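So you can see what is in the structure, the chains are spelled out below.
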Amino acid sequence: TVDSAVQAMRQGAGNGRTLWWAAGLFGLLSMLGKEAGIVLPAVTIWTDLFFGRGWQRWAGDRGAGWWRDRTVWLGLLRDHSLFIGAAAAMVAMRLALFLSGEGRLMYGEAQFGFLQHPLDITSGYILLATGLWWVPQEVYAWPVLAKVGVIMLAIAAIVALTRWLGRIVPFAVGWMVLTLALTL
């Protein structure tokens, strides 16, 4: 069950070298199977940042200023080094294929369009997340104030939900942002 898996993580079970190597191998295979797996290092580190301080294997300070403790960051990088290495290898392979003319970027040349239209794309993704799948294409024609209003409303909703449900809300929002980062 999920409770027993969480309990095992809190007790430090499953931290053996064999499982660590297996996780790295399956992480690489996930990236080769679907390129969106490249966000695996980011989402696993994100999970550790939100929930890891309750786990026995958490290195460093667990108090309010934990994020200032250098051992925490070094430990996270060490623990996730296989995922980070696999993602770096995948990015290097895709860029080499793209630059040699043998491949393309996942979403084509327009993949970096976010840098040109961040307000349009951010408000469009927010509307997409609410289930309004047909609206994001129309956002480009909206006035700037309407786009800013959508973003401000989303921020207000996140703050209200966080006060009601706790840290799971910013965790879920961050997870969604990290997994959608490739499509930006």
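Residues numbered from 1 in each chain as written. Predicted model: local features only at pLDDT ≥ 70, side-chain atom pairs only at ≥ 80, totals over all residues. Heavy atoms only, no water.

1. A word on the overall build of the chain
Here is step 1: Helix and strand counts for the chain stand at eight helices and zero strands.
Here is step 2: Mapped from its N terminus to its C terminus, the chain presents α and β elements in the order α-α-α-α-α-α-α-α.
Here is step 3: The burial tally for the chain puts 26% of its 184 residues in the buried class.
Here is step 4: Taking the contacts inside the chain whose residues are at least 6 apart along the sequence as the reference set, 57% of them involve residues at least 24 apart.
Here is step 5: Entry remark: accessible area of the chain is about 11,900 Å², with carbon and sulfur atoms responsible for 71%. (Helix = DSSP H or I, 4+ residues; strand = E, 2+ residues; numbered from the N terminus. Buried < 20%, exposed > 50% of the residue type's maximum accessible area, 1.4 Å probe, protein only. Contact = heavy atoms within 4.5 Å. Areas by Shrake-Rupley, 256 points an atom, 1.4 Å probe, with all protein chains shown as cover.)

2. Section: the packing of aromatic side chains
Here is step 1: On inspection of all chains with the given rule, the structure shows seven aromatic pairs.
Here is step 2: Pairing Trp46 with Phe50 gives two aromatic rings, centres 4.8 Å apart and planes at 50°, and the pair type is tilted. Highlighted residues: Trp46 and Phe50, both in helix 3 (residues 40-51), separated by four residues, approximately one helical turn.
Here is step 3: Judged by relative accessible area, which is 24%, Trp46 ranks as partly exposed.
Here is step 4: Phe50 gets classed as buried once you look at its relative accessible area, which sits at 17%. (Phe/Tyr/Trp six-rings, centres within 6.5 Å; stacked < 30°, edge-to-face > 60°.)

3. Concerning the environment of Ala181
Here is step 1: With respect to the helices and strands, Ala181 occurs in the segment after helix 8 (168-180).
Here is step 2: Sequence-wise, Ala181 and Val39 are 142 residues apart; in three dimensions their C-alpha atoms are separated by 8.2 Å.

4. Points about the pattern of salt bridges
Here is step 1: In this structure the tally under the stated criterion is two salt bridges.
Here is step 2: Where Asp79 meets Arg78, a salt bridge forms, and the shortest distance between an N and an O atom there is 3.1 Å.
Here is step 3: Asp79 gets classed as partly exposed once you look at its relative accessible area, which sits at 23%.
Here is step 4: Here Arg78 falls in the exposed class, since its relative accessible area comes to 52%.
Here is step 5: The partner of Lys147 in a salt bridge is Asp120, and the shortest N-O contact between them spans 2.3 Å. With a gap of 27 residues between them, Lys147 in helix 7 (residues 144-165) and Asp120 in helix 6 (residues 118-129) connect regions that are remote in the sequence. For the pair Lys147 and Asp120, one class covers both residues: buried. (Salt bridge = Lys/Arg side-chain N within 4 Å of Asp/Glu carboxyl O.)

5. Side note on helix 5 (residues 81-99)
Here is step 1: Helix length check: helix 5, at 19 residues, gives a terminal C-alpha distance of 26 Å against a target of 27 Å (1.5 Å per residue), a fit within 8%.
Here is step 2: Along helix 5, the residues classified as buried are Phe83, Ala86, Ala87, Met90 and Arg94. One side of helix 5 carries all its buried residues, which in axial view fall inside an arc of 100°.
Here is step 3: Count one or two residues on from helix 5 and you reach Gly101, which has phi positive near 85°. (Expected span 1.5 Å × (residues − 1). Arc of directions from axis to C-beta.)

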